[in-house]
Amino acid sequence: MSTEAQRAWYIKNRARVLENGRVWRRDNPEKALEIDRRHKAKLKARRAEYMREWRAKNPEQAKIISRNGNATWRKRRPVEYRKSANAYNDRIRDVIFQFFGEQCVKCGFTDRRALQMDHINGRGRDDHRMGLNQRYKLVVEHPDEARAKFQILCANCNTIKRVEQHEYLTYRIQRSA
Ligand SMILES: [Zn+2]
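Let me begin by describing the structure that accompanies this report. Just so we're clear, the structure is a prediction, and the values are computed from it rather than from any experiment.

Attention shifts here to the overall build of the chain. Regarding its fold elements, the chain presents 7 helices and 2 strands. Relative to the globule expectation of 16 Å for 177 residues, the C-alpha radius of gyration of the chain, 29 Å, shows a markedly less compact shape. Counting every position in the chain, which comprises 177 residues, the buried fraction comes to 7%. Pairs at least 24 apart in sequence give 71% of the contacts found in the chain among residues at least 6 apart.

In this section: helix α2 (residues 29-57). An ideal rise of 1.5 Å per residue puts 42 Å on 29 residues; α2 measures up with 42 Å between its terminal C-alpha atoms. The buried fraction of α2 amounts to 0 of the 29 residues, a small share that puts the element mostly on the outside.

Ranked by size, the top nonpolar core spans 6 residues in total: C104, L115, I152, L153, C154 and C157. Considering each element in turn, this core owes the most residues, 3 residues, to strand β2 (residues 150-154).

As a packed pair, helix α4 (residues 78-100) and helix α5 (residues 132-141) sit with axes 10 Å apart at the nearest point and diverge in direction by 45 degrees. As judged from the angle between their axes, α4 and α5 are oblique. The way α4 lies across α5 gives a crossing that is left-handed. Contacts between α4 and α5 involve N89, I92, R93, V95, I96 and F99 from the former and L132, N133, R135, Y136 and V139 from the latter. Taken together, the residues of the contact of α4 with α5 sort by class into 7 nonpolar, 2 polar and 2 charged.

Once that is clear, we can look at the environment of E102. When you line up the elements, E102 lands in the loop between α4 and β1 (115-119). Residue E102 is classed as partly exposed on the basis of its 15 C-beta neighbours within 10 Å. Each C-alpha atom, one on E102 and one on L153, is 9.6 Å from the other, the two residues being 51 residues apart in sequence.

Rules and cut-offs
- Residues numbered from 1 in each chain as written.
- Predicted model: local features only at pLDDT ≥ 70, side-chain atom pairs only at ≥ 80, totals over all residues.
- Helix = DSSP H or I, 4+ residues; strand = E, 2+ residues; numbered from the N terminus.
- Rg over C-alpha atoms; globule rule 2.2 N^0.38 Å.
- Buried ≥ 20, exposed ≤ 12 C-beta atoms within 10 Å, placed from the backbone.
- Contact = placed C-beta atoms within 7 Å.
- Expected span 1.5 Å × (residues − 1).
- Core = buried A, V, L, I, M, F, W, Y, C linked by C-beta atoms within 7 Å.
- Axes fitted to C-alpha atoms, helices over the stretch in contact; angles between N-to-C directions.
- Parallel < 35°, antiparallel > 145°, perpendicular 65-115°, else oblique.
- Left-handed = near helix turned anticlockwise from the far one by under 90°.
- Nonpolar A, V, L, I, M, F, W, Y, C, P; charged D, E, K, R; others polar.

Have a look at this one:
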């Protein structure tokens, strides 16, 4: 049968075909659900593939859309948003800690609750606003740079380092005055 003939046949027998389908679905509910599920999964995969291609071709627009979508979601469902954001932060924190080793490089303290990322050479101009996500990206995309810039210190060692640096600076200022 040609496509044309198929279409003509379908138009003529449409009611009967649909009725047969309904009867079959009623007699085979499990199979019908399974078919629906598979069909939906296929559509979903196809749409995901299409979106992936589109994002690759339009990175700037994709960024804006994703940012807007995020903001809308955050406004509409603040609790879910927080939950999901926290889960994401936990995941990337895991990656960061795995990368640096989960202990203070000075004293070996290992309780994550009091471990902090320290800027090895003080806070550079570009680094001082670096959030968790940016540090994560640095670790993943530029591991050598990350290792050169950051280390893990515990809260105590970090405080001590800060005080010592401050004392050193004060000393230099006094000497130069
Ligand atoms: Zn320490």
